[in-house]
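Inside the fold
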Amino acid sequence: MTDRGDARRELARQLRDLVETGYRRDFTLDGLATKISLARHTVTHALNPLSGTRTSRKTVEAFTTAFCGDDAERTERLMRLQESAWSPPEREASDVAEGRRAADAQEPSLRTEFARPPSGLADDLLVAEFACDIELLTRDFVGRSGFVEAVDRAIADPAFRSGYVLVTGEPGIGKSSLMAHLIRTRGWLHHFNSVSGFSTTEDFLRNVCAQVIIRYQLAHTVLPSRAGQNSTFLRGLLSDAARRQEAPVVIAVDAIDEASDSDRPQGSNRLCLPAQLPDDVYIVVTSRGRNVYELDAESVRHIEIEDRSEANLADLSLYVTGFVERNAERMAPLLRSAEKRRVDFTAAFLARSDGNFLYATRVLPEIVSRGLSEIDDVHALPLGLREYYRRHWAAMRVADPVLFDELHRPVIEAFGVLNETSAQVIADTWDLPVDRVRRAIGIWREFLNEAGAHAGLQRYRIYHKSFLDFLQSEVDLSGTQQRMVEDSIRRVAAGRGHGDRDLDDLDDLDDLDDLDRDDE
């Protein structure tokens, strides 16, 4: 196959010839790209070596005339050259390799690019809030090359001029980690709903608008109030950004299904995601399942991470094997038992995991530390993530039934009702000493993430939707829900409380009522 560099130069020469045989002074990159079935950024990359400038505008005056002739022979030659220079396998391999080589250079850029935002945008920008989550989600990240390449291939496809790449899979399959890896290695603009607590439409719109303005140096120093109300202002920014540069504008949005559904205008997507995107603009979105949240968009490419797929199991096997190699001494009893029974530990563990990455990240550390260390048979491990949660719940209850019912259960049930709250709110609701509640939160800490402070109070939230699902489906939360509703109403009526965030919590209670009715 033709060398990629030679092919690109030849493609550039042919494009130049086509442009110079046209009839008008200017040519429109969109029209040219459409005519020869290439993405606009591909055309600009090819033309730049000949023009000596960056063709960063939609309409370019660097050449004499527009391509609008009917030279069938030239067009046919160009299409043949296009197939050679930009065939998906070659482009895919090259783009992935380039992305990996550039990862180290991109990561510091992502950390520093938004470090000193204009004062008028600082309060809207959430990059710093997501930085720790990205670090945690990509720790010990392995595999996923097939899914990474599928995302890259979709964005690079000339026939896919703009739109959404929807990545779906079951809870715990590793969608957020995959998204964090893509953000970290490619420097994409981004927003997380699942781990951050910033899941409202206004949070998303203002955060992403601020990122677009800063990265593409757009002429805004402050966001108008309307920027957080609908997607009109964001669409304008994306159009401006796409005109200013050659590579695609890519935004990563994690867990669209966990974004707030109470503040969106009727008939719109969650977070007011636009149904139509400008050319060369792509939004990569993750969701629990294609049917859990149906994205209403003009152009969508779908990538499914199936728990029992060969690719997913191969990636999970790679993770398990690496963990076992690093912890072989502490896992020795279980490994010797498997060897004695002539059982392949990794294969047996994968069967118990149901192909779930979160299961592996929870169960393997417990094997080497505490809760599951007494198990000497891999087949005695919990079967699936839900069974792991059941066993943990039962073990805590058995350890001290009185303490569990008086303290540990009310605390975690409060998070099951509100998803996010503070020790003080729980203590006031249940008339418990706040220090005891904080200690209980420490016991449950592996299932909770810090969610920042509000009104001087540290808040926490359920660490993963799968555990929240477990609480809402297998634990009777009705008593806790009723008590928290009544306590919040009393506080609002008395003019007391812990800040305006309590009123948001009341909205969450209404959402849970809706969920209960849907399940009936």
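As the structure is a computational prediction, the values presented were derived from the model and not from experiment.

Turning our attention to the sheet that holds strand S4 (residues 189–192). Read from one edge of the open sheet, five strands run S4-S5-S6-S3-S7, paired in parallel fashion. Across the chains shown, the open sheet's two edge strands, defined by having one partner strand only, are S4 and strand S7 (300–305). Sheet twist, expressed as the average angle between the axes of neighbouring strands with direction ignored, equals 15°. Sheet topology places S4 next to strand S5 (residues 249–254); four bridges connect them, and they run parallel. Among the inter-strand pairings, His190 is bridged to a residue of S5, identified as Ala252. Packed on one face of the sheet, helix H8 (residues 175–186) meets strand S3 (163–169), S4, S5, strand S6 (281–287) and S7 and runs near 155° to S5. Seen against the sheet, helix H10 (residues 232–244) touches S5 and S6 and runs at an angle of roughly 140° to S5.

In this section: the pattern of salt bridges. Taken as a whole and judged by the stated rule, the model has 21 salt bridges. We note a salt bridge from Asp279 to Arg161, for which the minimum N-O separation is 3.1 Å. Placement of the pair is Asp279 in the loop between S5 and S6 and Arg161 in the loop between helix H7 (145–156) and S3, with a sequence separation of 118 residues. Through salt bridges with shared partners, one network takes in Arg386, Glu387, Arg390, Arg391 and Glu474.

On to the packing of helix H14 (residues 357–369) against helix H15 (residues 384–399), then. Closest axis-to-axis distance for the H14/H15 pair is 9 Å, and the angle between their directions is 40°. Our classification of the angle between H14 and H15 gives oblique. When the axes of H14 and H15 are compared, the crossing they make is left-handed. Note on element contacts: H15 touches H14 through Gly384, Leu385, Tyr388, Tyr389 and His392, opposite Leu358, Tyr359, Arg362, Val363 and Glu366. By residue class, the composition of the contact of H14 with H15 is six nonpolar, two polar and two charged.

If you walk across this open sheet you meet the three strands as S8-S10-S9, and the pairing is antiparallel. Whereas interior strands pair on both sides, the edge strands pair on one side only; in this sheet they are strand S8 (420–422) and strand S9 (448–454). Mean inter-strand twist for the sheet, computed between neighbouring axes without regard to direction, equals 35°. As paired strands, S8 and strand S10 (residues 457–462) are joined by three bridges and run antiparallel to one another.

The next subject is the environment of Tyr282. Along the chain, the position of Tyr282 falls in strand S6. Expressed as a C-alpha distance, the spacing of Tyr282 and Arg161, which sit 121 residues apart in the sequence, is 8.7 Å. Leaving out residues up to four positions away in the same chain, Tyr282 has contacts with Ile155, Phe160, Arg161, Ser162, Gly163, Pro248, Val249, Val250, Ile251 and Leu277. There is a polar contact of 3.1 Å between the side chain of Tyr282 and the backbone oxygen of Arg161.

Taking 1.5 Å of rise per residue, 16 residues should cover 22 Å, and H15 covers 23 Å from first to last C-alpha, within 8% of that figure. Buried residues of H15: Gly384, Leu385, Tyr388, Tyr389, His392, Trp393 and Met396, and no others. Looking at the buried residues of H15, the elements they touch are helix H13 (345–353), H14, helix H16 (401–418), helix H18 (434–443) and helix H19 (465–474).

Direction vectors running N to C along helix H9 (residues 201–215) and H10 enclose 20°, while the axes themselves pass 10 Å from each other. Taken together, the axes of H9 and H10 are roughly parallel relative to one another. For the element pair H9 and H10, the recorded crossing hand is left-handed. Contacts from Phe204, Leu205, Val208, Cys209, Val212 and Ile213 of H9 reach H10 at Phe233, Leu234, Leu237, Leu238 and Ala241. The class makeup of the residues in the contact of H9 with H10 is eleven nonpolar, no polar and no charged.

Moving on, we come to the confidence of the model for the protein. Do not read the predicted coordinates in detail wherever pLDDT is low. Mean pLDDT over the protein works out to 76, with 71% of the residues at or above the 70 mark. Taking the mean pLDDT of every element in the protein, the minimum, 39, falls on strand S2 (residues 59–60) and the maximum, 96, on S5. Counted against residues more than four places away or in other chains, residues 48–71, with its pLDDT under 50, gives 70 contacts. Long-range and interchain partners of residues 80–106, a stretch whose pLDDT sits below 50, account for 46 contacts in this model, where long-range means more than four residues apart.

The rules behind these values
Residues numbered from 1 in each chain as written. Predicted model: local features only at pLDDT ≥ 70, side-chain atom pairs only at ≥ 80, totals over all residues. Heavy atoms only, no water. Pairing = 2+ DSSP bridges. Helix = DSSP H or I, 4+ residues; strand = E, 2+ residues; numbered from the N terminus. Axes fitted to C-alpha atoms, helices over the stretch in contact; angles between N-to-C directions. Contact = heavy atoms within 4.5 Å. Salt bridge = Lys/Arg side-chain N within 4 Å of Asp/Glu carboxyl O. Parallel < 35°, antiparallel > 145°, perpendicular 65-115°, else oblique. Left-handed = near helix turned anticlockwise from the far one by under 90°. Nonpolar A, V, L, I, M, F, W, Y, C, P; charged D, E, K, R; others polar. Polar contact = N/O pair within 3.5 Å; in protein donor to acceptor, adjacent residues only side chain to side chain. Expected span 1.5 Å × (residues − 1). Buried < 20%, exposed > 50% of the residue type's maximum accessible area, 1.4 Å probe, protein only. pLDDT = per-residue confidence, 0-100.

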